[in-house]
Each structure stands twice: as C-alpha cells, then as structure tokens.
Amino acid sequence: MKKEQKIDLVRYWKFFTLGYMMLAWIVLVFFMDKSEWTLIPAFVIYILISAIVCRAYVMGMIGNMYYFFRKPDKAKVFYTRAVKMKTRNVKALYNYALDALHEGRAKEALDIFLRAEKINTKTLFDKLIPLAVSSCYWVLGDIDKAIETIEALMEKYTYVNPNTLTTLAYFYMLKGDYEKAEKLTNDALKDNGEYAPAWDNLGQIYYTKNDLAKAEEYFKKALSYRDTMTESLYYMGLIEKNRGNDKEALEYLKKADSGYISALSTVTKEDIEKAMEGLG
C-alpha cells in the first residue's frame, strides 16, 4: 500500500540548517573575510532562535530525553507542556498519550494518538500508534473498533510483532472467537516462544473454556518467562482456590496484588482483592 505523503518538518529543518550554515560561510568567511571561528556564534544564535520559534517541539525533545534516562516524572512535566503548546513532536505525543492510557484516561489518550498519527512520518510509530489506538478503543468498550484498527495495520504491513498479534488475539477472545484467538496467539509464539503475554493469552483462553489443566500449564509457562505476570498470577490463584488449596492461592494472589496494574491490565486490583476474600 502506498504510504500517505506527509510533511516531515524535522527533515526540512535539517536542510534549512545546512543551507543556513553554507550561507553563513559564504557571507562571513568568503565575502567578509572573517575567521571560520565566527561560524560558531552564528550557529549558536541560529539554534537559540530555532529553540524559541520551535519551543513546543523542544519541550517534547526535553521530555524524550528525561524519558530515555528513566526519569518519567520529569519527562511528564515537559510532555504536558509540549502537548498544551500543540507540539508536533510525535514521540513526545506518543509517550504522553501512552501514560494517559495506562492511567485510565483513554479518551484523552485516543485524541492525542490520533493527532500524532496525522503528522507522523516514521515507520516505527506508524506501527506503534495504531496498536495504542486499538487499546484505547478496548478500554472505551469498543472491541469491534479495536479489532478493526489492528487488522487495518496488518493489511498495511506484512510483519507485525508478537505484542500486536497477542493483543488482537485477546480482543478476539473477548468476542468469544477462541479459535481465531488461539491461532493468532500461536503465531505470536512462533515469532517469540518466550513471550509471556502470549502464554498468558493461551491460559486465559483455556480458563474461559473451563479446561483448567491446560490453563494451568500455560499460566505456569508464562510465569516461567515473567514471574511478575499479574494476570497469570491471578488466574493461578483462582485455580488453586478452586482446588481448595487456600495457602497456595493466597501466595499467588498476594504476588499479583503487589504487581503492576494499570488500565491496560486484564484484571483489576478489585478482582484480586475479591479473590483473596476468605483465604486468610
């Protein structure tokens, strides 16, 4: 499919910068016979002016820098400013929206993702944004739109990663199409046999089908690759509780309760706390 033509402003800025430096050399060095060292202050002045004119983009760049150095709180401060200033920094928009999505602000996240998608020119985000958009639709309760979004992405690209396949499989599981959900999950595992969310997917599929022995096998497989997998811990807790093994059930559920839970988790803290009732 032919890629939609979009204006890559960063690319144009790079060409403009190169043109400016060539012009500065011609004027300052060739015509005015100045030292080439004068190009340094000329470049600094140019960068300062660019930073002022493109301050919304620069705010996003600073946020991205803090995000890279694992300082999410500081990154969020600059992302928030950048978004309010209508930045065209796609990475900043994406990271801000992803935080909003995990925090449960799916409608706000969806609007930001769609804004980023309109101006994006990078293949990486051309794949990441639709996946995130599909998750927004899922959180907002529109499973059909979530499925449609990922399938449109898969029509556009011959390769999508295991995360994308696993996410689509989960949506089909929610629709009750277990056959398609299992096929997509197995496709993800063919790509990466150690991908814990895919094993968890299989566990949930078989748990829903009430095949607890198979479900347990897959949940334990998921936990062998990621022992903090909240969903697998939760369902293992339910399986052990169903068997009357209260001690083992409580161990699984306590570990699930102490793990990372966001709006994108398929179980909630309330689910876990309810499952722990009566276990001691």
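Residues numbered from 1 in each chain as written. Predicted model: local features only at pLDDT ≥ 70, side-chain atom pairs only at ≥ 80, totals over all residues. Heavy atoms only, no water.

S.K.: I would appreciate a short explanation of the side chain of N201 in the present structure.
M.R.: As for its placement among the helices and strands, N201 is situated in helix 11 (residues 196-208). In this view, N201 contacts T166, A169, Y170, M173 and T185; residues no more than four positions away in its chain are not counted. (Helix = DSSP H or I, 4+ residues; strand = E, 2+ residues; numbered from the N terminus. Contact = heavy atoms within 4.5 Å.)

S.K.: Can you walk me through unusual backbone geometry in this structure?
M.R.: In most cases, non-glycine residues show a negative phi, while peptide bonds are predominantly trans. One non-glycine residue, R70, lies in positive phi territory at about 55°. Within the secondary structure, R70 sits in the loop between helix 3 (55-68) and helix 4 (72-84). Looking at R70, the relative accessible area reads 75%, which means it is exposed. Unlike most non-glycine residues, N210 shows phi in positive territory, near 65°. Counting through the fold element by element, N210 comes out in the loop between helix 11 and helix 12 (212-225). For N210, a relative accessible area of 60% corresponds to the exposed category. (Buried < 20%, exposed > 50% of the residue type's maximum accessible area, 1.4 Å probe, protein only.)

S.K.: Teacher, can you tell me more about the pattern of salt bridges here?
M.R.: In total, this model carries 15 salt bridges according to the counting rule given. Here E151 ties to K180 by a salt bridge, and the two come within 3.9 Å at their closest N and O atoms. A residue pair is termed long-range when its members are at least 10 positions apart, and E151 in helix 8 (residues 143-156) and K180 in helix 10 (residues 178-191) qualify at 29 residues. Note that K190 is salt-bridged to D187, the shortest N-O span being 3.9 Å. (Salt bridge = Lys/Arg side-chain N within 4 Å of Asp/Glu carboxyl O.)

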